[in-house]
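# Coordinates in review
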Amino acid sequence: MSGEHKGGLEDVVVSTSDVCFIDGDEGRLVYRGYDVNELVEHSSFEEVVYLLWHGGLPSRKELDAHRKALAATANRKLPPKLLGILRALPKRTSPMEVLRTGVSALSAFDPDAADNSREATLRKSIRLTARLPTLVAAWERIRRGKAPVAPNPRLGLAANFLATLSGTRPSPLAVKTFDVGLILHADHEFNASTFAARVTAATMSDVHSAITSAIGALKGPLHGGANEQVMRMVERIGTPARAEGWIRQALADKARIMGFGHRVYRVEDPRAKHLRRLATELGRQTGDTSDVEILDIVARIVSGDKRLFPNVDFYSGAAYASMGIPTDQFTPVFAMSRVAGWTAHVLEQHANNRLIRPRSDYTGPTHLAYVPLDRR
Ligand code: CMC
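Below is a summary of the structure that appears in this document. As the structure is a prediction and not an experimental result, all values here were calculated from the model. (Residues numbered from 1 in each chain as written. Predicted model: local features only at pLDDT ≥ 70, side-chain atom pairs only at ≥ 80, totals over all residues. Heavy atoms only, no water.)

### Description of the packing of aromatic side chains
- For the coordinates displayed, the defined rule picks out 6 aromatic pairs.
- Considering the side-chain rings of Phe-178 and Tyr-320, the 6.0 Å spacing of their centres and the 55 degrees angle between planes classify their relative orientation as tilted. A residue pair is termed long-range when its members are at least 10 positions apart, and Phe-178 in helix α9 (residues 172-185) and Tyr-320 in helix α16 (residues 312-322) qualify at 142 residues.
- On the accessibility criterion, Phe-178 (1% relative accessible area) is buried.
- You can call Tyr-320 buried: its relative accessible area is 3%.
- Both rings, one in Phe-190 and one in Phe-195, keep their centres 6.5 Å apart while their planes meet at 35 degrees; by these two values the pair is tilted. (Phe/Tyr/Trp six-rings, centres within 6.5 Å; stacked < 30°, edge-to-face > 60°. Helix = DSSP H or I, 4+ residues; strand = E, 2+ residues; numbered from the N terminus. Buried < 20%, exposed > 50% of the residue type's maximum accessible area, 1.4 Å probe, protein only.)

### Section: the nonpolar core
- Counting residues in hydrophobic clusters, the biggest one holds 100 residues, and the most contacted among them are Tyr-31, Leu-86, Phe-161, Phe-178, Val-298, Phe-314 and Ile-325.
- The contact partners of Phe-178, leaving out residues within four places of it in the chain, are Ala-158, Phe-161, Leu-162, Tyr-320, Met-323, Ile-325, Val-333 and Met-336. (Core = buried A, V, L, I, M, F, W, Y, C linked by side-chain atoms within 4.5 Å. Contact = heavy atoms within 4.5 Å.)

### Details of the packing of helix α10 (residues 192-201) against helix α11 (residues 207-218)
- Two numbers describe how α10 lies on α11: the axes approach to 7 Å, and their chain directions differ by 150 degrees. Between α10 and α11, the angle is such that the two are roughly antiparallel. Taken as a pair, α10 and α11 cross one another with a handedness that is right-handed. Residues Ala-192, Ser-193, Ala-196, Ala-197, Thr-200 and Ala-201 of α10 form the contact with α11, whose participating residues are Ser-209, Ala-210, Ser-213, Ala-214, Ala-217 and Leu-218.
- Here the residues of the contact of α10 with α11 are counted per class, giving 8 nonpolar, 4 polar and no charged. (Axes fitted to C-alpha atoms, helices over the stretch in contact; angles between N-to-C directions. Parallel < 35°, antiparallel > 145°, perpendicular 65-115°, else oblique. Left-handed = near helix turned anticlockwise from the far one by under 90°. Nonpolar A, V, L, I, M, F, W, Y, C, P; charged D, E, K, R; others polar.)

Printed below as a string of structure tokens:
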């Protein structure tokens, strides 16, 4: 078997999907028919989750019920034994490893674990979307030797997460910014982690297994892990005055610059401009815009030099840092949002399933004669 392929499944269409559309030439991102710019302006993360799962916008009654389910303490609270598992982990464990372990362990406590019906997968998707923020915040508290903060069912997902992470009430601007960040990260067609989720779901495995696969794929620096690496770059650069020299040297060294480039977009990622604006507003509120100034200089030089544009991971970290979110929690925060898309794709995969099983173009030998051990 042999054939032309570019590697990395580039431009390969794997299946049809109604969940998400990307126009890489126009820089458009569309969830279930709605442009993400519209959703950023008018919607909330909770509503976007409903849209992704159910395929249309909810009525007021449907949205109220959906919000209540996502905020219910029964759905947000972690089983005490799971907290015991987190406490048993070495404090140096990275938050993405903790999230992967936590989600995998959650299935052991889920009453619907073995049920792959649409109704059960929706119930599990509500619990996963509600619990991921609790897991992320709980690990932050545990590794700092503090007690996890109980979720507050009167707060929406963004406000509740920020409150449980820090133990203090977040500013309205922080809540709004975080919510927009969640909307922007909620889905992105057949990206690597979503594809991993769909491959797992396509064996008729369960949603917890699919999300555990997805978290493993998101962790890498070529995917979700890039947001953390962008912030490490900002830390290494240090001040806006050093940015130009640093990035010119990195380009001369042919380094891969994190937060730039995309497999699908040929123009700027439509999510980046929102995150830049929000990071700037938050920086102004906290009185420190130096991270965004550094990023702007880096963006100007890299796009001028290489015609590579910032992607979603470029400005998100500067916004998160202004809210007091630690750098190694940026990718778990990405997962807290993308779980909405991952679960929507698992539902879609299960609804019209066929095992995903591609072929490889074998390039090794085929007729070697076996050599006994004592003659090698
Ligand atoms: N810095 C420097 N050069 C780059 C970059 C970059 N960030 N991205 C692409 N290039 C160059 C690359 O060196 C190659 O050049 P040449 O053809 O001369 O060898 C060319 O552009 C094509 O790159 P590629 O790696 O073959 O492209 P890809 O489609 O396989 O990779 C990517 C896409 C996102 C992995 C890549 O652009 C990258 O590594 N970016 C940095 C990591 C990053 O920001 N990842 C987040 C992606 S978006 C959100 C998400 O998924 O989480």
